[in-house]
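# Understanding the architecture of this molecule
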Amino acid sequence: MDKILEAAKAIAAARRNRAPLAALDVPLADEAEGYRVQRALHDLLLKQVGPLVGYKIGCTSQVMQDYIGIPHPCGGGVFQKGVHDSGAKLAASNYVRVGVECEIAVRLKRDLAPGEAPFTAEWVGEAVEVYHPAIEIVDDRYVEWETMGAPTLIADDFFAAGCVLGPAVERSSVPDLTALKGRAILNGEEISQGTGADVLGHPHNALAWLANHLAAEGKGLHAGQLVLTGSLVKTLWLKAGDKVRMELDGLGMVEAEFT
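Scoring rules and cut-offs
Residues numbered from 1 in each chain as written. Predicted model: local features only at pLDDT ≥ 70, side-chain atom pairs only at ≥ 80, totals over all residues. Heavy atoms only, no water. Helix = DSSP H or I, 4+ residues; strand = E, 2+ residues; numbered from the N terminus. Rg over C-alpha atoms; globule rule 2.2 N^0.38 Å. Contact = heavy atoms within 4.5 Å. Areas by Shrake-Rupley, 256 points an atom, 1.4 Å probe, with all protein chains shown as cover. Pairing = 2+ DSSP bridges. Axes fitted to C-alpha atoms, helices over the stretch in contact; angles between N-to-C directions. Disulfide = S-S within 2.5 Å. Buried < 20%, exposed > 50% of the residue type's maximum accessible area, 1.4 Å probe, protein only.

Bringing the overall build of the protein chain into the picture now. What the protein chain contains, in helices and strands, is seven helices and 14 strands. On C-alpha atoms alone, the protein chain measures out to a radius of gyration of 17 Å, which is about the 18 Å that the 2.2 N^0.38 rule sets for 259 residues. For the protein chain, the C-alpha atoms occupy an extent of roughly 50 × 45 × 35 Å along the three principal directions. Long-range contacts, defined here as pairs at least 24 residues apart, represent 78% of the contacts in the protein chain between residues at least 6 apart. Counting only carbon and sulfur atoms, one obtains 51% of the accessible surface of the protein chain, whose full area is about 10,700 Å².

Taken in spatial order, the five strands make up an open sheet running β4-β14-β13-β9-β10, and their pairing is mixed. Of all the strands in the sheet, the pair left with one neighbour each is β4 (88-90) and β10 (189-195). Each strand of the sheet is rotated relative to its neighbour by a mean of 20°, with strand direction disregarded. Sheet analysis places strand β13 (residues 242-248) next to strand β14 (residues 252-258), joined by seven bridges and oriented antiparallel. Counted as the bridge partner of Leu 248 is Gly 252 from β14.

The next point concerns the state of the cysteines. Going through the model one piece at a time under the given rule, you end up with zero disulfides. The thiol of Cys 59 is not disulfide-bonded; the next cysteine sulfur, from Cys 74, is found 5.4 Å away. Its sulfur unpaired, Cys 102 is 13 Å from the next cysteine sulfur, which belongs to Cys 163. Residue class for Cys 102 comes out buried when judged on its relative accessible area of 0%.

What follows is about the environment of Arg 97. Along the polypeptide, Arg 97 turns up in the loop between β4 and β5 (98-108). Take Arg 97: its relative accessible area is 35%, and that puts it in the partly exposed class. For the pair Arg 97 and Glu 116, spaced 19 residues apart in sequence, the C-alpha separation works out to 39 Å.

Okay, here's the thing in structure tokens:
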């Protein structure tokens, strides 16, 4: 447990100081150990980031798996103080190296308890209340993320730094998510696009992965929680003054400015 707590303290200190994180003094053995550190980190950061209000799922699309070099999904926390409404103006200086991703977010209408596992895409889809077009805010807070390894990236919430949400769309009004096209627009120029099918074949597959992952740890998802299902496009790294907009057909638009 000392190793877990010491790793969590090192990551928490880097987050508080907005200092790039170097390799941990004692490397984490595996991804399971990374998630144990992540849980300890959440307790240490509570005053800074607020309570856990949901989760983000990373590496759910081929483009992101290829980019990060991890061939499977990874989870991290989303916290109350990091959730913003569309149109938010955020200081780029609040991040080490801020980036954004184009996502389909869901909010749950009921619990997904660990005793109900294993979950399927159909099952978790029935638990969704609304969808949001979303910008996930990510932060490259590492000396060199390419050398950190999955366990440490997981321990540090897998780049998670918050999100910006567009208006909610009721489940009954949402089009076929697999065919839904998302576009990432930076300073008025379209940079990239993807579809809902790029997210593990369907965003509900990503949600099912998360529910099963948490269930394996004896944890559940809860009504009202938010889940960012993964980026349709490769991460866009930003600089101060950049304006970003994500357009998702049938879900609407979400935008933010980094000052």
